[in-house]
There are 2 protein chains.
Amino acid sequence: MKQIFYNTQHCPVGAFASFTLGAKGGKGGLGLELAGPACENIWIGCEDRSGLHAEALPFFADALAGETQFGIDKQTPGSGAIRPFAAGDIVRELSAGKDTWIAGDLRFTIFTQAPKIPDPELEDSEPLRTALVPAVLCELVIDNRHGQDCRRVFFGWQASDVRGAMRCVDSAHTTGIVQGTSKGFFGAAGHWVAGQGFRVEDILDAVKQREAGRLRHGIGTVCALVAEVPAGGISVLHLVAGFWSPGIVTTGLPCQYWYSRWWSGIEDVAEFALSHTEALTKAAKDADEWVGKSGLSRERRWMLSQALHSYYGSTQLLEETSRPGIPVWVVNEGEYRMMNTMDLTVDMFFYEIKRHPWTVRSVLEQFLRYYSTKDCLGITFRHDMGVANAFSPPGVSVYEQPHRRGCFSFMCMEELVNWVLCAIGYARIANDIDWLHENRKVIEECMASLIARDHLEDSASLGIMQFDSDRCEGGYEITTYDSLDQSLGRARGSLYLAVKTWAAWLALEWNYQLWEQPETAARMHEKAEKTASSITKVFQARNHFIPALLDGSCKSATIPAIEGLVFPWLIFGDDLLKKDGPFGELVSVLGQHLNTVMLARCRFGNGAWKLSESSDNSWLSKIYLCQAIAEKILQWKDPEGDQADKAHQAWLLDEENSFYAWSDQMLSGKVCGSRYYPRGVTAVLWLK
Amino acid sequence: MKQIFYNTQHCPVGAFASFTLGAKGGKGGLGLELAGPACENIWIGCEDRSGLHAEALPFFADALAGETQFGIDKQTPGSGAIRPFAAGDIVRELSAGKDTWIAGDLRFTIFTQAPKIPDPELEDSEPLRTALVPAVLCELVIDNRHGQDCRRVFFGWQASDVRGAMRCVDSAHTTGIVQGTSKGFFGAAGHWVAGQGFRVEDILDAVKQREAGRLRHGIGTVCALVAEVPAGGISVLHLVAGFWSPGIVTTGLPCQYWYSRWWSGIEDVAEFALSHTEALTKAAKDADEWVGKSGLSRERRWMLSQALHSYYGSTQLLEETSRPGIPVWVVNEGEYRMMNTMDLTVDMFFYEIKRHPWTVRSVLEQFLRYYSTKDCLGITFRHDMGVANAFSPPGVSVYEQPHRRGCFSFMCMEELVNWVLCAIGYARIANDIDWLHENRKVIEECMASLIARDHLEDSASLGIMQFDSDRCEGGYEITTYDSLDQSLGRARGSLYLAVKTWAAWLALEWNYQLWEQPETAARMHEKAEKTASSITKVFQARNHFIPALLDGSCKSATIPAIEGLVFPWLIFGDDLLKKDGPFGELVSVLGQHLNTVMLARCRFGNGAWKLSESSDNSWLSKIYLCQAIAEKILQWKDPEGDQADKAHQAWLLDEENSFYAWSDQMLSGKVCGSRYYPRGVTAVLWLK
C-alpha cells in the first residue's frame with residue numbers, strides 16, 4: 001500500500017514556524033522556532049451520516065492525561081469516542097502548494113506558498129504582506145449531500161508547549177483556539193464555535209446539546225473549533241494556523257520579526273489571513289502550477305514538494321532593532337537551528353535566486369558585516385551566525401573549533417568559495433551590478449585570499465587549496481560533508497572542493513571582465529586552467545576515474561566531484577562547459593568519472609546514490625544537485641531509469657525517517673543527522 | 001540512611017520561577033512558569049586534591065545527546081569524566097532560608113527569602129527591590145587548605161527549554177551562562193570564566209589548558225561557569241540564578257511582571273543580585289531565625305521549610321498594563337497553575353497575613369473586580385481567575401462546570417465563606433479598617449448571599465448551607481476537597497463547611513459591631529448560634545462524634561470538622577472559643593469529636609492523619625492546619641507523640657513523591673494530585 005503517513009511541514013515564509021502534519025498519532029502540530037515536530041494531538045473530522053459517531057484523521061493519540069492529574073480515573077474510550085479513519089479509507093496527495101487528505105465525506109487541505117517575494121526594503125504592499133503573513137490556510141470540505149441532518153465538523157488541538165495555557169478567543173472577526181500568545185487556529189467569526197475541555201468528544205457533545213455552560217472548561221488541555229454543516233449540500237470552511245512571536249526574539253544581535261511591524265498580535269494575524277483566503281489559495285495554486293508544468297516524475301515532484309515545505313519551516317525574516325528597514329534573512333539549519341550556515345546558503349542559492357534573490361543578498365551582507373574574519377591567509381567567512389535565535393559574537397561561529405580533523409573543524413576555504421560564488425552569482429542573475437561595485441574591496445580581498453590558500457607564488461600555484469587555516473591549530477579544514485570520511489570531509493586536496501574552486505575562479509574572471517580589468521580577468525582564467533589541469537592530470541585514464549583527494553591519499557570514488565560544474569552553467573550559461581570550449585577536457589573527464597562511479601561504486605543496493613563509495617553516509621540535497629548536473633550538464637542518463645528516485649523517495653517515506661518531514665543525511669537509508677532540514681531545495685534544479 | 005535526595009524549590013518572590021534542586025539525576029534546574037521541575041542537568045563540583053579528577057553533586061544524568069545528533073558516536077565516559085559524589089559522602093541540610101550540601105572539600109548553599117514585603121503600591125525602595133528581585137543567590141565554598149595547587153570549581157548547566165539556544169555572556173560586571181533571554185546563572189566578572197560545549201569535562205579541560213579557542217563551542221548544549229581557587233585557603237564564591245520574562249505575559253487581562261519596571265534584562269537582574277549578596281544572605285538568615293526560634297521539632301521545621309520554598313515558586317507579582325501601579329498578586333496552583341484559586345487563598349491567608357498582608361488584599365480585590373458573580377442566591381466568588389497566565393473572561397473560572405457531583409463542580413458557598421473570612425480577617429489583622437469601609441456594599445451583599453444560601457426565612461434558617469447554586473444545573477456544590485468522597489467533598493450539609501460558615505457569621509458580627517450596627521451584629525450572632533446548634537444537635541453523645549454530613553446521609557468521621565475554629569482564634573482572639581464562652585458547647589463537642597476520630601478512625605497505619613475515614617485521599621496542608629487547631633485551640637495532645645509528623649515527612653521524602661518538592665494530596669501516602677504545590681504554608685500556624 002502506498003505510504004500516506006509522513007510528516008510534512010506546512011509553513012509560512014520567514015516565521016520560523018511550522019504546522020507539521022501527516023505522521024500517524026500525535027506527531028505533528030504547531031511548532032515555533034523548534035528543532036523538530038511539536039508532537040501535538042490534532043483531531044480533524046466530522047460526524048458520520050448517522051450522526052451517532054464522529055470520525056477523524058488519525059493524527060491524535062490518547063489525550064486524557066490532563067484529567068487524571070486531578071485524581072480522576074482515566075476513562076476508557078466509550079462508544080462516543082472519536083474513531084480514527086482507517087488507513088485504507090484515506091487518500092493523501094502532497095504537492096508544492098497543497099497537502100490534501102480525503103476520507104469519508106471529509107476533505108482537508110493545507111495550502112502553502114512558495115512565493116516570489118518582493119524586496120521588503122523597497123516596498124510594503126498587500127502582496128508582500130500576504131507572502132509574509134505568519135499564518136497557514138486550511139480548508140475543510142464536507143460533503144453532506146447524503147446526510148439527513150446537519151453534521152458537526154471539528155478541528156481539535158492539544159498544544160504541547162509547557163508554558164501558557166490553552167484558551168478560546170472570540171474577537172470581532174475571528175473565533176480561535178490559542179495556546180499562550182503565540183500559536184493558534186482560527187476561523188471566521190459566526191462560522192465556528194470554540195470549545196475547551198479534556199476531550200474533543202466533550203466539546204462536541206456540548207455543542208450538540210446546545211449547552212453553553214459545558215462548552216468551555218478552561219482547565220482543559222484540549223481545544224476545538226466546531227461548525228455545523230447543513231444537510232443536502234457541500235460545505236467549504238476555512239481555518240488558519242497562526243503564529244506570533246513579538247518583541248526582541250534574538251540575543252547577540254537584537255532583532256524582531258519583520259511581520260511584527262504589520263500586526264499587533266495573533267488575533268490580528270489571523271484576521272488578515274482569513275480576509276485573504278483568495279490570495280493565499282491563489283499562491284498555493286501558483287506553486288502547484290510552477291512545479292506541475294515541469295514534467296517531473298511523480299517521485300521527483302513529491303520530493304521537491306516535501307523539500308520546499310521543510311525549507312520554509314526554517315526561514316526567518318528579521319530586522320535588527322538598531323537598523324530598522326533592512327531585511328535580515330535567516331535560514332535556520334533544520335534540527336541544528338544554526339543560523340545561515342554558509343555551506344547551506346550556497347545550495348539553497350539555486351532556489352532563492354529564483355524566488356527571492358534579495359534573501360541571498362541579505363545573507364551575504366550579514367556575513368560581510370558580522371561574520372567575515374581574517375586568518376593568516378586572508379579574508380574568509382565563518383560557518384554560521386549562531387544557533388536557535390542566539391547570534392554569536394561577531395567573527396565567531398557556533399560550529400568551528402580548533403584541533404579538529406573532522407566534524408566541527410573550520411571551513412575557511414569552503415565558505416570563502418561559497419561566498420564568492422553566491423555573491424557574483426547573485427549580482428549576475430539578479431542583475432545587481434551596483435551591489436558588486438559597492439563590494440569591490442571585498443571581492444578583491446576574496447580573490448587575494450583564494451590565491452593565498454592556493455599559493456602566493458605562481459610557480460607553486462595549483463589552482464586548488466594547498467594550505468589549511470591557522471585557525472585549525474594543528475587540525476585540518478573540512479568541507480560541508482563534515483561527518484563523512486576524508487573522501488569528501490577533508491578540504492585540502494579535495495576533488496569536490498577543487499571543482500568548486502575552479503568555478504570560483506571563473507566567477508572572478510567574469511567579474512573582472514565586467515570591471516574592465518582584463519589583466520586580472522586573465523589571471524583568474526589562468527587560475528581556473530591550473531585547477532582544471534590539477535584535476536585532469538590525476539584522472540586515471542585506465543579506469544576513468546579521479547580519486548577523492550587529488551594527492552592520492554584517498555582513492556574513494558565520489559559523486560560530488562561534479563558539483564562545481566553547476567555554477568558556470570547556472571550563472572554564465574553553457575559556453576564554458578562545451579566539449580570544444582576552454583574547459584572541454586575537465587568536463588569530459590568529470591563526465592567519464594561520473595559514468596564510472598555511477599556504474600557500481602557509488603550506489604546502494606536499491607539503486608540509491610552513494611555520494612562516496614567509502615561511506616554509507618549520503619546527503620539527499622547533494623544527490624538532487626548532482627542528479628541535475630549529471631543530466632543537464634553532462635547529459636548522463638541513469639541506466640537504471642527512475643530506480644534511484646524511487647529509492648530516495650523510499651528513504652524519506654521510511655516510517656522512522658518520515659517523522660522528520662524532509663531530512664538530508666542518510667546512513668544506508670536511515671536518517672542519521674540533518675533532520676527537518678531546509679537544504680532539499682537543490683531539487684529545484686530539476687526544473688531548469 | 002537519612003534521605004537526602006529530594007527536590008526543593010528555591011524561588012524568588014513573585015517571579016513564578018524556581019531553581020529546583022535535590023533529587024538525584026537531571027531532575028532539577030531552572031523553571032519559569034512551569035507545572036513541575038524543568039528536569040535539567042546541573043553539575044556543581046570541583047577538582048579533587050590530586051587535580052586529576054573532578055567530582056560533583058549527583059544532579060546530572062547523561063549529557064551527550066547533543067553531540068550524537070551530528071552523527072558523532074556517543075562516547076563512553078573516560079577517566080576524565082566527572083564523578084558524582086557518593087550518596088554517603090554528602091550531607092544536606094534544608095531550612096527556611098538555606099539549602100546546603102557538603103561533600104568533600106565543597107559546600108554549596110542556595111539562599112532564599114521569606115521576606116516581610118512592603119506594599120509596592122506605597123513604596124519603591126531598595127529593600128522592596130531586593131525582596132522582589134527575580135534571582136536566587138548561591139554560594140560555593142571550597143576548602144583548599146590541603147590542596148597543593150589551585151583547583152577548578154565549576155557550575156555546569158544543560159537547559160531543557162525547546163526554544164532558544166544556550167550562550168555565554170560577558171558583561172561589564174557579570175559572567176553568565178544563559179538560555180535564550182529568560183534563564184541563567186551568573187557570577188561576578190573576573191571571578192568566573194564561562195564556557196560552552198557538549199560536556200562540562202571539555203569546558204574544564206579548555207580552562208585548565210588555557211585554550212580560549214576551545215572554551216566556547218556555541219552549538220554545545222552544556223554551559224559552565226568555572227573558577228580557579230588558590231591552594232592554601234578557603235574560597236567563597238557567589239552565583240545567582242536569574243529569571244526574566246518581559247513584556248505582556250498574560251492573556252485575558254494583559255499584565256507584565258512588576259519587576260520589569262526596575263530592570264531591563266536578565267543581565268541587569270543578575271548584576272543587581274550580585275551587588276546585593278549581603279542583603280540576600282541576611283534575608284535568608286532572617287527566615288532561618290524566624291523559624292528556628294520557634295522550638296519546632298526537626299520534622300516540622302523541615303516540612304514548614306519545604307512548604308515555604310514551594311509556595312514562593314507559585315507566586316507571581318504582576319501589574320495590569322491598563323492599571324499601572326496596582327500590584328496584582330497571583331498564586332498559581334502548583335502543577336495545575338490555576339490562578340488565585342480562592343479555596344487555596346483562604347489557607348495561604350495564614351501565612352500571607354504575617355509576611356505581606358497586601359497580597360491578601362490584592363487577591364480579594366481582583367476577585368471583587370473581575371471574578372465575583374451573582375447566582376440565584378446572591379453574590380459569590382468564582383473558584384479561580386484562570387490558568388497558566390491565561391486570565392479567564394470576567395466572572396468565569398477555568399474549573400467550575402455544571403451537572404457535576406464531584407470534581408469540577410461549583411464552589412459558590414465555599415468561596416463566599418472564604419472571601420468573607422479573608423476580607424474581614426485582613427481588615428482586622430492588617431488594621432485596614434478603611435478598606436472594609438470602602439467595601440461596605442459588598443460586605444452587605446455577601447451577608448445577604450450567605451443568608452440566602454441558608455434560608456431567607458428565619459424560621460427555616462439552620463445557619464448552614466441549605467441550597468445549591470443554580471449554576472450547578474442539577475449537580476451539587478462541592479468544597480475544596482474536590483476529589484474526596486461526599487464526607488468532605490459535598491458542600492450542602494457539610495460539617496466541615498458548617499464550622500467555617502459559623503466562623504463567617506462571627507466575622508460579620510465583628511464587622512457590624514465595628515460599623516456600629518448592633519442590630520445586624522446581633523443577627524449575625526444569632527446565625528452563628530443557629531449554626532452551632534445545627535452541629536451540636538447531631539453530635540452523637542454515645543460515640544462522641546459528629547457525622548460528616550449533618551443530615552446523616554454520610555456518617556464518615558472527618559478531621560476537618562474543626563477547621564473553622566481557626567478563624568475566630570486567629571482573627572479575634574481566644575474569647576469566643578472559651579469553654580464558658582458563648583460557643584463553649586460547640587468547641588467542647590468538636591474537641592470530643594476530634595478525640596474520637598483521632599483515636600483510630602482517622603489514621604493511616606503509620607500514624608499519619610487520614611482526613612476522612614472513608615477515603616485514602618489526604619491533604620497535607622489541611623493536616624498541618626488541623627494539627628495547629630487541635631493543639632493550640634483544643635489543647636489536644638497526640639497520644640502517639642511525633643509519630644504522625646514522622647509519617648507525614650516520610651510521605652514527602654518518598655522517592656517518587658519527592659521529585660515534586662512539596663505536594664499536598666496523598667493517596668495512602670503516594671502523591672495523587674496537587675504536586676509542586678503552594679498550600680503547605682498552613683504549617684506556619686505551628687509557629688503561633
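Residues numbered from 1 in each chain as written. Chains lettered and ligands numbered in written order. Predicted model: local features only at pLDDT ≥ 70, side-chain atom pairs only at ≥ 80, totals over all residues. Heavy atoms only, no water.

Draft legend 1. Summary view of the overall build of chain A. Looking only at helices and strands, one finds 19 helices and 27 strands in chain A. Over its C-alpha trace chain A gives a radius of gyration of 27 Å, about what one expects of a compact globule, namely 26 Å for 688 residues. Dimensions of chain A, computed from C-alpha atoms along their principal axes, come out at roughly 90 × 55 × 45 Å. Counting over 688 residues, chain A shows a buried share of 68%. Put simply, 69% of the contacts in chain A that link residues at least 6 apart link residues at least 24 apart. In the structure as shown, chain A presents an accessible area of about 22,200 Å², 49% of it carried by carbon and sulfur atoms. Of the charged side chains in chain A, 66 are positive and 84 negative, and the gap between their average positions amounts to 3 Å. (Helix = DSSP H or I, 4+ residues; strand = E, 2+ residues; numbered from the N terminus. Rg over C-alpha atoms; globule rule 2.2 N^0.38 Å. Buried < 20%, exposed > 50% of the residue type's maximum accessible area, 1.4 Å probe, protein only. Contact = heavy atoms within 4.5 Å. Areas by Shrake-Rupley, 256 points an atom, 1.4 Å probe, with all protein chains shown as cover. Lys, Arg positive; Asp, Glu negative; His and termini not counted. Charge placed at Lys NZ, Arg CZ, Asp CG, Glu CD.)

Draft legend 2. Representation of the sheet that holds strand E11 (residues 151-158) of chain A. All names here are of chain A. Spatially, E6-E5-E4-E11-E16-E15 is the arrangement adopted by the six strands of the open sheet, whose pairing is mixed. Since the sheet does not close on itself, it has two edges, and those belong to strand E6 (83-84) and strand E15 (193-197), each with one partner. Across seven bridges, E11 lies against strand E16 (residues 222-229) in antiparallel orientation. Bridge assignment links Val153 to a residue of E16, and that residue is Ala227. Most of the contacts of helix H3 (residues 200-208) go to E16, to which it runs at about 40 degrees, and overall it touches strand E4 (41-47), strand E5 (54-56), E11, E15 and E16. (Pairing = 2+ DSSP bridges. Axes fitted to C-alpha atoms, helices over the stretch in contact; angles between N-to-C directions.)

Draft legend 3. Seen up close, the relation of the copies chain B and chain A. The two copies are related by a screw motion: chain B maps onto chain A through a turn of 180 degrees and a shift of 0.0 Å along the axis, at an RMSD of 0.0 Å. Viewed as a symmetry operation, the transformation between the two copies matches a two-fold axis. Across chain B, the rotation axis passes nearest the C-alpha of Gly247(B), at a separation of 4.1 Å. When you check the interface residues of chain B against chain A, 100% turn up at the interface there too, and the contact is symmetric in its surfaces. (Least-squares fit on C-alpha atoms with pLDDT ≥ 70 in both.)

Draft legend 4. Representation of the packing of aromatic side chains in the model. By the definition in use, this model includes 74 aromatic pairs over all chains. Judged by centre distance (4.8 Å) and plane angle (10 degrees), the rings of Tyr257(B) and Tyr259(B) are stacked. Across the pair, Tyr259(B) and Tyr257(B) agree in class, each one buried. Taken together, the aromatic side chains of Phe19(A), Phe59(A), Trp101(A), Phe108(A), Phe155(A), Trp157(A) and Phe185(A) make up a single cluster linked through ring pairs. Just above the ring of Trp290(B) sits the side chain of Arg355(B); from NZ or CZ to the centre is 3.9 Å. Geometry around Phe545(B) places Arg601(B) over its ring, the cationic atom sitting 4.3 Å from the centre. (Phe/Tyr/Trp six-rings, centres within 6.5 Å; stacked < 30°, edge-to-face > 60°. Lys NZ or Arg CZ within 6 Å of the ring centre and 35° of its normal.)

Draft legend 5. Looking closely at the nonpolar core. Ranked by internal contacts, the top residues of the largest apolar core, which has 233 residues, are Phe19(B), Phe108(B), Trp419(B) and Trp502(B). Per-element tally for this core: the top contributor is helix H14 (residues 495-514) of chain B, with 14 residues. By size, the runner-up hydrophobic cluster in this structure holds 232 residues, among which are Trp157(A), Leu344(A), Met348(A) and Leu368(A). (Core = buried A, V, L, I, M, F, W, Y, C linked by side-chain atoms within 4.5 Å.)

Draft legend 6. Fine view of the packing of helix H7 (residues 298-313) of chain B against helix H8 (residues 342-355) of chain B. All names here are of chain B. One way to put it is that H7 packs onto H8 with a least axis distance of 13 Å and a crossing angle of 95 degrees. Taken together, H7 and H8 sit at an angle that is classed as roughly perpendicular. Contacts from Leu308, Tyr311 and Tyr312 of H7 reach H8 at Met348, Tyr351 and Glu352. Partitioning the contact of H7 with H8 into residue classes produces five nonpolar, no polar and one charged. (Parallel < 35°, antiparallel > 145°, perpendicular 65-115°, else oblique. Nonpolar A, V, L, I, M, F, W, Y, C, P; charged D, E, K, R; others polar.)

Draft legend 7. The arrangement of a positive patch on the surface in detail. Residue and element names in this part refer to chain A. Judged by side-chain charge, Lys116, Lys293, Lys354 and Lys688 come together as a positively charged surface patch. Looking at the element boundaries, Lys688 is found in the segment after strand E27 (670-673). In this structure Lys688 comes out as partly exposed when scored by relative accessible area, which is 45%. (Patch = residues over 30% accessible without salt bridge, like charges linked within 9 Å, V, L, I, M, F, W, Y side chains within 5 Å. Salt bridge = Lys/Arg side-chain N within 4 Å of Asp/Glu carboxyl O.)

Draft legend 8. Representation of the interface of chain B and chain A within the structure. Taken together, the contact pairs 45 residues of chain B with 45 residues of chain A. Between chain B and chain A, roughly 3,800 Å² of surface is buried when both sides are summed, and carbon and sulfur atoms account for 57% of that area. Joining chain B to chain A, the criterion identifies two salt bridges. Put simply, Glu33(B) and Arg163(A) hold a salt bridge, and the shortest N to O gap is 3.0 Å. Here chain B is connected to chain A by 20 residue pairs in polar contact (both at pLDDT 80 or more). Where the side of chain B that touches chain A is concerned, the elements lending two or more residues are helix H4 (212-215) and strand E27 (670-673) of chain B. (Buried area = accessible area lost by both parts, 1.4 Å probe. Polar contact = N/O pair within 3.5 Å; in protein donor to acceptor, adjacent residues only side chain to side chain.)

Draft legend 9. Region of interest: the environment of Lys578(B). All names here are of chain B. Position of Lys578 relative to the elements: it lies in the loop between helix H16 (566-572) and helix H17 (584-601). Its relative accessible area of 41% is what places Lys578 among the partly exposed residues. Separated by 196 residues in the primary sequence, Lys578 and Arg382 have C-alpha atoms spaced 35 Å apart. Of note is the side chain of Lys578, whose polar atom sits 3.1 Å from the side chain of Asp575.

Draft legend 10. Quick look at the sheet that holds strand E20 (residues 328-331) of chain B. Residues and elements named next belong to chain B. The sheet built from three strands is open, its strands ordered E18-E19-E20 with antiparallel pairing. Looking at which strands have only one partner, the edges of the open sheet turn out to be strand E18 (255-257) and E20. Taking the axes of each pair of neighbouring strands and ignoring which way they run, one obtains an average angle of 40 degrees across the sheet. The pairing of E18 with strand E19 (residues 315-320) spans three bridges and is antiparallel. Paired with Cys255 across the two strands is Glu320, which belongs to E19.

Draft legend 11. A look at the pairing of strand E10 (residues 135-143) of chain A. Residues and elements named next belong to chain A. Within E10, nine of the nine residues are buried, which leaves it mostly tucked inside the rest of the structure. Inspection of the sheet shows strand E9 (residues 106-111) paired to E10 by six bridges, in the antiparallel sense. Note that in E10 the partner of Ile110 across the bridge is Cys138.

Draft legend 12. Fine view of unusual backbone geometry. All names here are of chain B. Located in the positive-phi region is Asn340, a residue other than glycine, with phi close to 50 degrees. Judged by relative accessible area, Asn340 falls into the buried class, the value being 1%. Its identity is not glycine, yet Gln635 carries a phi of approximately 50 degrees, on the positive side. For Gln635, the location among the structural elements is in the loop between helix H18 (620-632) and helix H19 (643-653). On the basis of relative accessible area, Gln635 is assigned to the exposed category, the value being 59%.

Draft legend 13. Examining H3(A) more closely. All names here are of chain A. Every buried residue of H3 is accounted for by Val200, Ile203, Leu204, Ala206 and Val207. Relative to the axis of H3, the buried residues are bounded by an arc of 160 degrees and lie together on one face. For H3, the elements touching its buried residues are E4, E5, E11, E15, helix H4 (212-215) and E16. Trailing H3 by a residue or two, Arg210 shows a phi angle of about 55 degrees, which is positive. (Arc of directions from axis to C-beta.)

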